[in-house]
Amino acid sequence: MEAATAPEVAAGSKLKVKEASPADAEPPQASPGQGAGSPTPQLLPPIEEHPKIWLPRALRQTYIRKVGDTVNLLIPFQGKPKPQAIWTHDGCALDTRRVSVRNGERDSILFIREAQRADSGRYQLRVQLGGLEATATIDILVIERPGPPQSIKLVDVWGFSATLEWTPPQDTGNTALLGYTVQKADTKSGLWFTVLEHYHRTSCIVSDLIIGNSYAFRVFAENQCGLSETAPITTDLAHIQKAATVYKTKGFAQRDFSEAPKFTQPLADCTTVTGYNTQLFCCVRASPRPKIIWLKNKMDIQGNPKYRALTHLGICSLEIRKPGPFDGGIYTCKAVNPLGEASVDCRVDVKVPN
């Protein structure tokens, strides 16, 4: 009899060929009680298609489910005539009370209605056909929320900060922890606010606490399923007390801002046309506030209705209303205060239009 050649094996499965013993090579011996009319031994049908398992790509790494979820795995395989499919869990037979298996012509289905953590482990599917066998391994991990940290302690309070310490939970939910979530609540409002998320250490410093408030703290453990359902709360409150502050005033010399008048912007010469209002501007700085006097050709023009003088924030202006030919000349702005006086001049020419 010719030896079968090994076929191509699907990823995630292995093909084994059972070796034939010398006894298998000898022709069957007829027993003494067998007569000429005894039936001949029945031969196995020839293997038309070698067994092979097609493991889905998603199952080539650990298959993670939450407690209570349904596990429904369909694993295709091949083999002709129909091979025998056998499942094992960690090398032992399946618990039929929790796990059900349906084997078809071309696939095998593993079904768990409500997964529990005890269902985690290594599942192996063996597809046997004659002396040939293909195997595939699937790692299933069933996880749930972690337990709360075992305890939390308020270590120290200073300034606007508090130091906390806690111990990891006894039950991590059958998977690694992703960190801790730290929350604070002041006794006035009683509302919880998150101050740290995905924190990996078992001690922390909570800062930016408000003076005059008292705070409680709690810590949640977190894994792939979420936060723990409960969290331990500190038995001691962190009282942020207001420190007594003494203000010392420093003496300083009173500055004297008194200043004699000084023009920072002088008057500018200008030429205007008869009948059009003209304005003159200049800027003066002085303390105390100076008295402003306007002169034309050294004659005081205060109170003359033809002129309008204004002073605001050190800006001095003089409006000449509809000047005539005799309104030209030298205009002077004089500023006077108890510390002195200053003056500026300009020439105004009035032209008659042609």
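Cut-offs applied
Residues numbered from 1 in each chain as written. Predicted model: local features only at pLDDT ≥ 70, side-chain atom pairs only at ≥ 80, totals over all residues. Heavy atoms only, no water. UniProt positions renumbered as here; feature names shortened; annotations may be inferred. Pairing = 2+ DSSP bridges. Helix = DSSP H or I, 4+ residues; strand = E, 2+ residues; numbered from the N terminus. Salt bridge = Lys/Arg side-chain N within 4 Å of Asp/Glu carboxyl O. Phe/Tyr/Trp six-rings, centres within 6.5 Å; stacked < 30°, edge-to-face > 60°. Buried < 20%, exposed > 50% of the residue type's maximum accessible area, 1.4 Å probe, protein only. Disulfide = S-S within 2.5 Å. Core = buried A, V, L, I, M, F, W, Y, C linked by side-chain atoms within 4.5 Å. Contact = heavy atoms within 4.5 Å. Axes fitted to C-alpha atoms, helices over the stretch in contact; angles between N-to-C directions. Polar contact = N/O pair within 3.5 Å; in protein donor to acceptor, adjacent residues only side chain to side chain.

If you look the chain up in an unreviewed UniProt entry, it shows as Myosin-binding protein H-like from Pan paniscus. According to the UniProt record, the Sequence similarities (unreviewed entry) comment for the chain is "Belongs to the immunoglobulin superfamily. MyBP family." Its UniProt record gives the chain the following Subcellular location (unreviewed entry) comment, quoted word for word: "Cytoplasm, Myofibril, Sarcomere".

Draft legend 1. Molecular detail of the pairing of strand β4 (residues 71–80). Relative to β4, strand β2 (residues 49–53) is paired through three bridges, and the arrangement is antiparallel. Opposite Ile53, over in β4, you have Phe77 as the bridge partner. Across six bridges, β4 lies against strand β8 (residues 107–112) in antiparallel orientation. Note that in β8 the partner of Leu73 across the bridge is Leu110.

Draft legend 2. Molecular detail of the pattern of salt bridges. Within this structure, the stated rule accounts for 13 salt bridges. Ionic contacts of the salt-bridge type, sharing partners, join the residues Arg117, Glu144 and Asp171 into one network.

Draft legend 3. Layout of the packing of aromatic side chains. Under the criterion given, the structure shown has three aromatic pairs. Pairing Trp166 with Tyr199 gives two aromatic rings, centres 6.3 Å apart and planes at 55°, and the pair type is tilted. Of the two residues, Trp166 is situated in strand β12 (residues 161–167) and Tyr199 in strand β14 (residues 192–199); the sequence distance between them amounts to 33 residues. Tyr199 matches Trp166 in its accessibility class, with the two residues each being buried. Centre to centre, the rings of Tyr307 and Tyr331 are 6.1 Å apart; their planes meet at 65°, and the pair counts as edge-to-face. Of this pair, Tyr307 sits in strand β24 (residues 307–312) while Tyr331 sits in strand β26 (residues 329–337), placing them 24 residues apart in sequence. A single burial state applies to Tyr307 and to Tyr331, both of which are buried. Cluster of aromatic residues (ring-pair linked, three or more members): Trp166, Tyr180 and Tyr199.

Draft legend 4. Quick look at the state of the cysteines. Tallied over the entire structure, the rule returns zero disulfides. Looking at Cys270, it has no disulfide partner, and the nearest cysteine sulfur is the one in Cys346, 5.9 Å off.

Draft legend 5. Looking closely at the sheet that holds strand β22 (residues 291–296). One open sheet holds the five strands; their spatial order is β20-β27-β26-β22-β23, and the pairing between them is mixed. This sheet does not close on itself; its edge strands, each paired only once, are β20 (270–273) and β23 (299–300).

Draft legend 6. Local environment of the nonpolar core. Counting 23 residues, the largest nonpolar core has Ile53, Leu73, Ile75, Trp87, Leu110, Ile138 and Ile140 as its most contacted members. Contributions of two or more residues to this core are made by β4, β5 (84–89), β8, β9 (121–129) and β10 (132–143). The element that contributes the greatest number of residues to this core is β10, accounting for five residues. What Ile138 contacts, discounting residues up to four positions off in sequence, is Leu55, Leu59, Leu73, Ile75, Trp87, Gly121, Arg122 and Tyr123. If you look at the next biggest cluster of nonpolar residues, it comprises 20 residues, including Ile292, Cys333, Cys346 and Val348.

Draft legend 7. Structural detail: the sheet that holds strand β25 (residues 315–320). With antiparallel pairing, the four strands of this open sheet are ordered in space as β19-β21-β25-β24. Strand pairing shows two members of the sheet lacking a second neighbour, β19 (259–265) and β24, which therefore form its edges. Across this sheet, the average inter-strand angle for adjacent strands is 25°, counted without regard to direction. As judged from the six bridges shared by strand β21 (residues 278–287) and β25, these two strands associate in the antiparallel manner. Counted as the bridge partner of Gln279 is Glu319 from β25.

Draft legend 8. A look at the side chain of Glu319. Counting through the fold element by element, Glu319 comes out in strand β25. Among the polar contacts listed, one links the side chain of Glu319 to the side chain of Asn277, at a separation of 3.3 Å. Leave out the neighbours within four places in its chain, and Glu319 touches Asn277, Thr278, Gln279, Lys306, Tyr307 and Arg308.

Draft legend 9. Inspection of the environment of Tyr276 at higher detail. Here Tyr276 shows up in the loop between β20 and β21. Taking relative accessible area as the criterion, Tyr276 reaches 58% and is therefore assigned exposed. Distance in space between the C-alpha atoms of Tyr276 and Val350 is 9.8 Å, their sequence separation being 74 residues. Excluding residues within four positions of it along the chain, Tyr276 makes contact with Lys322 and Pro323.

Draft legend 10. Spotlight on the side chain of Ser161. You can see Ser161 is positioned in strand β12. Setting aside anything within four residues of it in sequence, one finds Ser161 in contact with Asp156, Ile205, Val206, Ser207 and Leu209.

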